[in-house]
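Summary of the model geometry
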Amino acid sequence: MTGPKQGGQENSVTLDLLKRKMDDFAKERDWEKFHSPRNLLLALVGEVGELSEIFQWKGEVPKGLPDWKEEEKVHLCEELSDVLLYLVRLSDICGIDLDKAALRKIELNAVKYPVNLCKGSSIKYSDGDVNSNQSNGGD
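Residues numbered from 1 in each chain as written. Predicted model: local features only at pLDDT ≥ 70, side-chain atom pairs only at ≥ 80, totals over all residues. Heavy atoms only, no water.

Phi at Asp-30 takes a positive value of approximately 55°, unusual for a residue other than glycine. Positive phi, normally seen in glycine, also occurs at Leu-65, with a value near 50°. Secondary-structure assignment places Leu-65 in the loop between α2 (37-55) and α3 (70-93). (Helix = DSSP H or I, 4+ residues; strand = E, 2+ residues; numbered from the N terminus.)

What follows is the structure in structure tokens.
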């Protein structure tokens, strides 16, 4: 599953492009009045629920989803896209530069979860202390 292609080459997609397209989409339909932060967040949560349903009874699945049918992968792509698009729209409406915020969060997580304390471990470290029974991955 890849992005749209034009002239045999894959188009580059940026968060800014998605933000502009979502804004245009809402304006064309006169939906801006419905796109409050609260409404967008609730729509995002609903989409995360739909995404969760795809995995609900599958147990652990290997990377790349080798045993999945093509229709399942297409459905997954659609739900992942819904989540991304609502997240981009929500951040835009809230005035958050998601590009910068995400990069900053990665930097903060690098400090919060130093390699020398976390490498190969699923135990969550916070300020150098171990909080057992929690997985790490950034929060």
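As for its position among the elements, Glu-47 is in helix α2. Nearest to the buried, unbridged Glu-47 among oppositely charged side chains is Arg-89, at 14 Å. For Glu-47, the residues in contact, after removing those within four places along its chain, are Glu-79, Asp-82, Val-83 and Tyr-86. (Buried < 20%, exposed > 50% of the residue type's maximum accessible area, 1.4 Å probe, protein only. Lys, Arg positive; Asp, Glu negative; His and termini not counted. Salt bridge = Lys/Arg side-chain N within 4 Å of Asp/Glu carboxyl O. Contact = heavy atoms within 4.5 Å.)

With that settled, the discussion passes to the packing of aromatic side chains. Applying the stated rule across the entire model yields 2 aromatic pairs. Relative to Trp-31, the ring of Phe-25 lies with its centre 5.7 Å away and its plane at 70°, an arrangement referred to as edge-to-face. Classification of Phe-25 as partly exposed rests on a relative accessible area of 34%. Residue classification places Trp-31 among the partly exposed positions, given a relative accessible area of 36%. With centroids separated by 5.2 Å and ring planes inclined at 50°, the aromatic side chains of Phe-55 and Trp-68 adopt a geometry described as tilted. Taken together, the residues Phe-55 in helix α2 and Trp-68 in the loop between α2 and α3 connect sequence positions 13 residues apart. Of note, Arg-29 hangs over the ring of Phe-25, and the distance from its end group to the ring centre comes to 3.5 Å. Here the guanidinium or amino end of Arg-29 rests over the ring plane of Trp-31, the centre of that ring lying 6.0 Å away. (Phe/Tyr/Trp six-rings, centres within 6.5 Å; stacked < 30°, edge-to-face > 60°. Lys NZ or Arg CZ within 6 Å of the ring centre and 35° of its normal.)

Coordinates in, geometry out; function isn't part of it.
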